[in-house]
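# Breakdown of the fold
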Amino acid sequence: MTDDQLKRMATAKGFIAALDQSGGSTPKALKAYGVPKDYYRTDEEMFNLIHEMRTRIITSPSFTREHIIAAILFENTMDRQIEGQYTADYLWDKKGILPILKVDKGLAAEADGVQLMKPMPQLDDLLARAKTRHIFGTKMRSVIKSANTKGIAAIVDQQFEIGRRIAAAGFVPILEPEVDIHAADKADCEAMLLAEINKHLADLNDDEKIMFKVSIPSVDGLYSKIMADAHVVRVVALSGGYSRNDACERLARNPGLIASFSRALTEGLTRRMNGPDFNYMLGQAIDQIYRASL
């Protein structure tokens, strides 16, 4: 991470492209892209196909630094190449887009209304590899299902504890305590989450920098105050299952909140599209998400 990269993340216009589908979510992403499960037999074949999809997106002339600040990658993608360069190097050297790495290993079983992250015993080794691959920051996801004080406190404790380890290793961590958009008490979940986040922000050292990835809040502008906190580089939002149109409309009502969309970004893209059609549809999606992020 350089000062120029940190400045870009903090001030650039645009959004973050989430291209980090892991082993569990890759089949669904491939199906939406027009690749059914019977098209591949092994994990290696599956990851080859998803890397082909990601390569097509990243190398598209529609995928530009003028609209996209950073891209989140899966570990498998970090270790693969695009046009003879490791993915992170291609993103930064060729596109001027910051590379971010998903580091969590999935979700634990639900307890106290939340799903914590599974243990990450290899985190230090992964961060060491990420440094050699010139990764700027990291992302890790946990999920809040209901307004349970104990569970939400545990989520935020875990996110900050690991986030501080990642920051100490020289990266900007994105903490992602997602609130399920289908939670009956979503607004209450978000109010409790914000209160816990504020407690932990008050305990950070002056030099610790973090980011948040949150569900688009039920109360517009809910996260505006933490955006102004000196420790917070940026607050970004996931689409969380909303359609692109719905997600963008909701996002636009939250000044300062920018997108970090996955499914909403690739909605409508298919493997059978020819190059011009693919680039046009991707460009339309990028432009819509970019405008909502302003």
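For the structure, see preceding data.
Now for a quick tour of the structure. The structure presented is a predicted model; accordingly, all values stated were derived computationally and were not measured.

Further remarks concern the pairing of strand β11 (residues 258-261). With burial as the criterion, each face of β11 is covered, one bearing Ile 258 and Ser 260 and the other bearing Ala 259 and Phe 261. Note: strand β1 (residues 15-19) against β11, 2 bridges, orientation parallel. Looking across to β11, one finds that Ile 16 is bridged to Ser 260. When strand β10 (residues 232-238) meets β11, the two strands line up parallel, connected through 2 bridges. By the bridge assignment, Ala 237 is partnered in β11 with Ala 259. Following the backbone out of β10, through helix α10 (residues 244-251) and into the adjacent parallel β11, one traces a crossover that is right-handed.

Counting 80 residues, the largest nonpolar core has Phe 63, Phe 160, Leu 201, Phe 212, Phe 261 and Leu 265 as the members making the most contacts within it. When residues of this core are assigned to their parent elements, the largest contribution, 7 residues, is made by helix α3 (residues 43-59). When neighbours within four sequence positions are excluded, Phe 261 is seen to be in contact with Ile 16, Ala 17, Ala 18, Ile 216, Ala 237, Leu 238, Ser 239, Ala 247, Cys 248, Leu 251 and Ile 289. Within the second largest apolar cluster, 16 residues are counted, among which are Ala 18, Ile 72, Val 172 and Ile 258.

Along its 19 residues, helix α12 (residues 275-293) runs 27 Å from first to last C-alpha, staying within 8% of the 27 Å computed at 1.5 Å per residue. Listed as buried for α12 are Phe 278, Leu 282, Gly 283, Ala 285, Ile 286, Gln 288, Ile 289, Tyr 290, Ala 292 and Ser 293. Taken together, the buried residues of α12 touch β1, α3, β2 (68-73), α10, β11 and α11 (263-266). Measuring from the backbone nitrogen of Asp 277 back to the side-chain oxygen at the start of α12 gives 2.8 Å, which picks out Asn 274 as the cap.

Each value, and the rule that gives it
- Residues numbered from 1 in each chain as written.
- Predicted model: local features only at pLDDT ≥ 70, side-chain atom pairs only at ≥ 80, totals over all residues.
- Heavy atoms only, no water.
- Buried < 20%, exposed > 50% of the residue type's maximum accessible area, 1.4 Å probe, protein only.
- Helix = DSSP H or I, 4+ residues; strand = E, 2+ residues; numbered from the N terminus.
- Pairing = 2+ DSSP bridges.
- Right-handed = clockwise from strand over helix to strand, strands pointing away.
- Core = buried A, V, L, I, M, F, W, Y, C linked by side-chain atoms within 4.5 Å.
- Contact = heavy atoms within 4.5 Å.
- Expected span 1.5 Å × (residues − 1).
- Polar contact = N/O pair within 3.5 Å; in protein donor to acceptor, adjacent residues only side chain to side chain.

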